[in-house]
Amino acid sequence: MATVEIPPLIKPSRLRHRGGLAGELMAEFIGTFVLISFGCGVVAMAVAALPGSGRAATTTTIFLAAGDWLLVAWGWALAVTFGVYVAGGVSGAHLNPAVTLAMAVRRGFPWLKVLPFWFAQVTGAFAGAALVYLVYHNAIDAFDTAVPGPKTDGHTLASFSIFATFPAPYFHGGIWGPLIDQIVGAGFLVMFVVAILDLRNQAVKANLAPFVVGLVVAAIGMSYGANAGYAINPARDFGPRLFTWAVGWGSLAFPGSVPGQFSGYWWIPIVGPLIGGVLGILLYDLFVGDVLYLRHDLGEVPDAGRTRPVKTIDRDDEADRGGGKAKEPDEDDDY
C-alpha cells in the first residue's frame, strides 16, 4: 500500500503543529529511542543475557575473544541504521547532539533548533535505556549477583557498561587519553556523514544513506572502540547514564567514578564528541568540501592529474580560419 493511502492516526487538524518543529522533535525522540533500544540491547545480550541464559561458558563469562566485540560493533551499526531509517524523512535523523551542532556550524541548521533537538535526543536515549532495563533487568540482576568483584550499590561496572561508557584501565584515570579518543571518534563520524550526504561528492542513494552511516559506526567501533566504549554521541551516553543513576548505579553513573580507576568521567563523552563533530565537519570542508564547491561554482572539473582545464584545437579548422598553416604546438601546450 502506498504511504499516501494510509490515513493519519490522529486528524491533522488536531495536531497540525506536528508538521513543523514539534514533528521534527518527535522524530528525533523516536529515532534516538530506537538507536539506544538496539544499541544498549546488544550490549545487554553480550554482558548479561547470553551468560545468564546458559549460552556462554559460565554465568559471568563475557568478551572472551574479538568476535564478542564484533557482536557489539555490528549491533550498534544496525541500531544506528534503523534509527536513521525511522526518523530520517522528518528530521534528517541527527540522533546525536554532535551532529546537530556540526550542522548548525557549517550546514545552515537553525541555531534556534539546536537545544530542542538536544533535548529530544537525550530524552529518547533515556527512554531507550529504560526499555532495555525493563526487558533485561532479570538478567542484569542475576549477573550482578553472580559476579564476585567490587560493586557499587550492588551493581558492577560490567553491568553499567550496558548503558554508558567508561575509560580503559591503561589510561590510569587520566583525562586526555579518553577525551582525545572521543574527539577523534566523533570527528570521523561527522566527517563521514557529511561526505555520504554531499551531493557534490560521491553521495549514496538516499535510501542507502542510513545503511552506510551504520557501516561508519561499525568501522569506528572496530577501529577505535576499546579505549572508551566509543560513545561518540553525547545523548547516547548521557541519557542512559542519567537513567542508571536514577535506578541505582550511583557514583558509577554520576560523577562516573570507580575508586582507583577513574573519577568524574561523566563529562568526557559529552564534551569530546561536541568538539570532535565540529572539527570533523571543518576538516571535511577545508580539504574536500571547499574544492567541490569551487569546481561546481566554476563549472569545471579538470581531468585527473591536471591543475587546469584542457583546451583542444582542431588543427585543420585553425588553418582554415587563419588562411595558412596551423601553428605547431609549443612544449608548454596542454593536451
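Data block above holds the structure.
The structure contained in this document is the topic of the report that follows. (Residues numbered from 1 in each chain as written. Predicted model: local features only at pLDDT ≥ 70, side-chain atom pairs only at ≥ 80, totals over all residues. Heavy atoms only, no water.)

**Regarding the nonpolar core**
Then step 1. By size, the foremost hydrophobic cluster in this structure holds 56 residues, and its most contacted members are Trp76, Ile140, Ile162, Phe163 and Tyr230.
Then step 2. Element by element, the count of residues in this core is highest for helix H1 (residues 21-52), at eleven residues.
Then step 3. The next biggest cluster of nonpolar side chains, apart from the first, holds twelve residues, and it includes Val99, Ala104, Phe109 and Tyr284. (Core = buried A, V, L, I, M, F, W, Y, C linked by side-chain atoms within 4.5 Å. Buried < 20%, exposed > 50% of the residue type's maximum accessible area, 1.4 Å probe, protein only. Helix = DSSP H or I, 4+ residues; strand = E, 2+ residues; numbered from the N terminus.)

**Points about the packing of H1 against helix H4 (residues 114-146)**
Then step 1. As a packed pair, H1 and H4 sit with axes 7 Å apart at the nearest point and diverge in direction by 25°. With respect to H4, the element H1 is oriented roughly parallel. Where H1 crosses over H4, the handedness of that crossing is right-handed.
Then step 2. Broken down by class, the residue content of the contact of H1 with H4 amounts to 23 nonpolar, seven polar and two charged. (Axes fitted to C-alpha atoms, helices over the stretch in contact; angles between N-to-C directions. Parallel < 35°, antiparallel > 145°, perpendicular 65-115°, else oblique. Left-handed = near helix turned anticlockwise from the far one by under 90°. Nonpolar A, V, L, I, M, F, W, Y, C, P; charged D, E, K, R; others polar.)

**Remarks on the packing of aromatic side chains**
Then step 1. In total, this model carries 17 aromatic pairs according to the counting rule given.
Then step 2. For the pair Tyr170 and Phe171, a centre-to-centre distance of 5.1 Å together with 55° between the ring planes defines the contact as tilted.
Then step 3. Taking 6.1 Å as the distance between ring centres and 65° as the angle between the ring planes, the aromatic pair formed by Phe262 and Tyr265 counts as edge-to-face. Take Phe262 and Tyr265: they sit in the same class, and that class is buried.
Then step 4. Counting every residue linked through ring pairs, the aromatic cluster contains Phe126, Tyr133, Phe163, Phe243 and Trp249. (Phe/Tyr/Trp six-rings, centres within 6.5 Å; stacked < 30°, edge-to-face > 60°.)

**Here we look at the pattern of salt bridges**
Then step 1. Scanning the model with the defined rule gives four salt bridges in all.
Then step 2. The salt bridge involving Arg106 is made with Asp285; its shortest N-O contact spans 2.7 Å. Remark: Asp285 occurs in helix H9 (residues 268-298) and Arg106 occurs in helix H3 (residues 97-106); sequence separation between them is 179 residues.
Then step 3. A relative accessible area of 37% places Arg106 in the partly exposed class. (Salt bridge = Lys/Arg side-chain N within 4 Å of Asp/Glu carboxyl O.)

**Overview of the side chain of Thr165**
Then step 1. In this structure, Thr165 sits in the loop between helix H5 (157-160) and helix H6 (176-197).
Then step 2. A polar side-chain atom of Thr165 sits 2.7 Å from a polar atom in the side chain of Asp237.
Then step 3. Not counting residues up to four positions away in its chain, the partners in contact with Thr165 are Phe160, Ala228, Gly229, Ala231, Arg236, Asp237, Arg241, Tyr265 and Pro269. (Polar contact = N/O pair within 3.5 Å; in protein donor to acceptor, adjacent residues only side chain to side chain. Contact = heavy atoms within 4.5 Å.)

**Focus: unusual backbone geometry**
Then step 1. Of the consecutive residues Phe254 and Pro255, the connecting peptide bond is found in the cis state with omega at 10°.
Then step 2. Here Pro255 is to be found in the loop between helix H8 (234-247) and H9.
Then step 3. A positive phi angle is found at Leu95, which is not glycine, with a value near 55°.
Then step 4. Here Leu95 lies in the loop between helix H2 (66-91) and H3.
Then step 5. Look at Leu95 and you get buried, because its relative accessible area is 3%.
Then step 6. One non-glycine residue, Ile232, lies in positive phi territory at about 45°.
Then step 7. Position of Ile232 relative to the elements: it lies in the loop between helix H7 (209-224) and H8.

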